[in-house]
Amino acid sequence: MRTWCGSLRLKDEGKRVLLRGWVQRVRDLGGVVFVDLRDRSGVVQLVGDRLRNVRPEWVLEVKGKVREREAKNSELPTGEVEVEVEEFRVLNTSRTPPFPVNDVIEASEEVRLRYRYIDLRRPRMQRNFLLRHRMALAVRNYLDSQGFWEIETPILTKSTPEGARDFLVPSRNYPGRFYALPQSPQLFKQILMISGFERYFQFARCFRDEDLRADRQPEFTQIDLEMSFAQERDVMEVAEGILRQSFSRAGIEIPSTIPVLSYTQAMEKYGTDAPDLRIPYEIKNLSRFPSGSNRIVASALEKGGKFLGMKIPGGLSRKQIETLEREIKSMGAAGILFLKRGDGGFSGSLRGDESWRGKIAEELGLEMRDGAIFMAGKGVEKFMGYLRKRVAEIKGVELKGFSPVWVVDFPLFELDEDGKISSNHHPFTSPREEDIEILEAEPLKVRARAYDLVVNGVEIGGGSIRIHRAELQRKILKILGVEEERFSFLLQALEHGAPPHGGIAFGFDRMVMMAAGEQSIRDVIAFPKTTSALCLLTGAPSSVDPAQLRELKIKIIS
């Protein structure tokens, strides 16, 4: 029976073992040869002069006897023992790898992705995927204990507007017609609730042909779940259980109580709907302190804008403020104002009489040598949110631990780039009951029964209570300008006893990335695409045989 390399300890001394793995390193000391043999469990040292001709990344089968090492290696779990080789067999040889199989790597990401099978042999990557497996297992076991059933939904489905472009798949049997790869299982999981399954989940593969971003993938995995007869708190409690159970596999403890912020509170206090609560700065709305002595602030308030400020203990240097001003202007902002409290009173570009500036300083809690930055105008929240993060970087604030927060009561609708009403989340999100009466008259004021789970400034899960009445769904589609025919199957299903239901979806790749302490989701996805959506390993996307295109009745127009 095979023994795992990384399992051997001093208690195994004298035991005869059968090992299989890859050669990590060869050290020929003349009279004796040492070889480090690696499998996914770890590395163990082999000793024997017959190993002299083996090379790194060759695949070996070894029979030998475990003995205590003379020169022990405290950095290895197996560092107290070695295996004296009695027999060995070369199962395969290897070319010289493009980079060493260890965690100190200097190869570019392009080279790593091109030779992904080598990159995945590295101990760090194998640890990531072991963690991914254990987190997935924890989620499955937890949801099973909560009465959820794992059910698969189709990969080939119908193209529907859900916020991103679909990947289309041409149908050979129905020329000119197309399937779409699912952006999410949203409609199918709602139909499963109508079907009476009550609690569903799956690890769903999702596909979105989005504009490229540094850390997004065109295909990804989400933990998808739906519950019948559920209110917001029901879904949120299950979601918190998923977070705690999965992160515990990485030794990470999630706080027992997760705070809840409304969308409005999050934007006003933190300048973003995905706040990192570890950053110790808070934005304050100072609009109740109008000033005729400051033209910029007075003008902004007269035009319906806001006056926002943020305390910075110890202040910033003039050079640091100038850097932030350049950055914020490059983003389209008018600029920033600043104030500093010193021995001689107040200084800075926030002009105004001393009484007014004193009230501002008191509201922000400015002490001697503290500073503050300000912005005034419409839509300045997002700029202040950016400044909040940048100031933390400049001040060298050490961000430790995991700080989750729920953000709720999002706007149901928003205006797109063309000024048309669109869904903030998706068209199947239920509005707040008390806002339904203004749905047609003031749609942009309607709040959604939606909730996002944010950890350290990263949204890892989002969901909502769904619309379960056909007449309300029709009304929402009409406001969005979407033809009913596109969702006729859903509307028909809603007319057949649809229960109230809601759910949530977690970005599983993102969760594993955070739990593993990685900076890129590509380090927790086995075969990721590049930032330009290319698979360097296989060369996809690629051209296809013209005969395939003729069979599909497709013509490429250049």
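Here, every reference points to the structure presented above.
What you see is a predicted model, and the numbers here were worked out from it, not measured in a lab. (Residues numbered from 1 in each chain as written. Predicted model: local features only at pLDDT ≥ 70, side-chain atom pairs only at ≥ 80, totals over all residues. Heavy atoms only, no water.)

Asker: Just checking my understanding: could you explain the overall build of the protein chain for this structure?
Answerer: The helix and strand tally for the protein chain stands at 14 helices and 22 strands. Looking at the 558 residues of the protein chain, the share that counts as buried comes to 46%. Residue pairs in contact within the protein chain that sit at least 24 positions apart in sequence constitute 66% of those at least 6 positions apart. Total accessible area computed for the protein chain in this model is approximately 28,900 Å², and 48% of it derives from carbon and sulfur atoms. Of note, the protein chain has its 85 positive side-chain charges centred 4 Å away from the centre of its 80 negative side-chain charges. (Helix = DSSP H or I, 4+ residues; strand = E, 2+ residues; numbered from the N terminus. Buried < 20%, exposed > 50% of the residue type's maximum accessible area, 1.4 Å probe, protein only. Contact = heavy atoms within 4.5 Å. Areas by Shrake-Rupley, 256 points an atom, 1.4 Å probe, with all protein chains shown as cover. Lys, Arg positive; Asp, Glu negative; His and termini not counted. Charge placed at Lys NZ, Arg CZ, Asp CG, Glu CD.)

Asker: Whenever I open this one, the side chain of Asn-128 confuses me. Can you help?
Answerer: Mapped onto the elements, Asn-128 comes out in helix α3 (residues 123-145). For Asn-128, a relative accessible area of 5% gives the class buried.

Asker: What is the right way to read helix α11 (residues 470-480) from this model?
Answerer: Side chains three or four residues apart in an α-helix point the same way, a direct result of the helix having 3.6 residues per turn. Where α11 is concerned, the buried positions are Ala-470, Leu-472, Gln-473, Ile-476, Leu-477 and Leu-480. Buried positions in α11, seen along its axis, are confined to an arc of 160° and lie on one side of it. Residues Glu-471 and Lys-478 are exposed on α11 and point more than 90 degrees away from its buried face. Buried residues along α11 sit against β18 (413-415), β19 (421-423) and α12 (488-494). Backbone geometry just downstream of α11 places Gly-481 in the positive-phi region, at approximately 75°. (Arc of directions from axis to C-beta.)

Asker: Any chance you could explain unusual backbone geometry here in plain terms?
Answerer: What is expected of a backbone is that most residues other than glycine have negative phi and most peptide bonds are trans. Each neighbour pair has its own omega, and for Ala-540 with Pro-541 the value is -5°, a cis peptide bond. When you line up the elements, Pro-541 lands in the loop between α13 (508-516) and α14 (546-551). With a phi close to 60°, Asp-409 is a non-glycine residue in the positive phi region. Its place among the elements puts Asp-409 in the loop between β17 (404-408) and β18. Given a relative accessible area of 22%, Asp-409 falls into the partly exposed group.

Asker: When you look at the pairing of strand β20 (residues 450-455) in this model, what are you seeing that I'm missing?
Answerer: For a regular strand, side-chain orientation follows a simple rule: the groups alternate between the two sheet faces. With 6 of its 6 residues buried, β20 lies for the most part within the structure. Of the two faces of β20, the one lined by Ala-450, Asp-452 and Val-454 and the one lined by Tyr-451, Leu-453 and Val-455 are each fully buried. Direction of pairing for β20 relative to strand β21 (residues 458-465): antiparallel, over a ladder of 6 bridges. Bridging across to β21, Asp-452 finds its partner in Gly-462. Two successive antiparallel strands, β20 and β21, enclose a turn made up of 2 residues, where Asn-456 displays a positive phi of approximately 55°. (Pairing = 2+ DSSP bridges.)

Asker: Could you clarify how one ought to interpret the packing of aromatic side chains in this entry?
Answerer: The relation between two aromatic rings is expressed through the spacing of the ring centres and the mutual angle of the planes. All chains considered together, the criterion is met by 9 aromatic pairs. Pairing Phe-307 with Trp-356 gives two aromatic rings, centres 5.9 Å apart and planes at 20°, and the pair type is stacked. Placement of Phe-307 in strand β13 (residues 306-312) and of Trp-356 in helix α9 (residues 354-364) is noted, with a sequence separation of 49 residues between them. Of the two residues examined, Phe-307 and Trp-356, each falls in the buried class. (Phe/Tyr/Trp six-rings, centres within 6.5 Å; stacked < 30°, edge-to-face > 60°.)

Asker: Any chance you could explain the nonpolar core here in plain terms?
Answerer: In summary, soluble globular proteins display a tendency toward joint burial of nonpolar side chains. Grouped together as the largest cluster of nonpolar side chains are 41 residues, with contacts concentrated most on Leu-143, Leu-225, Ile-242, Phe-247, Phe-506 and Met-511. Top contributing element to this core by residue count: helix α5 (residues 232-248), with 7 residues. Contact partners of Met-511, with chain neighbours within four places excluded, come to Met-135, Ile-223, Ile-242, Ser-246, Phe-247, Ile-460 and Phe-506. (Core = buried A, V, L, I, M, F, W, Y, C linked by side-chain atoms within 4.5 Å.)

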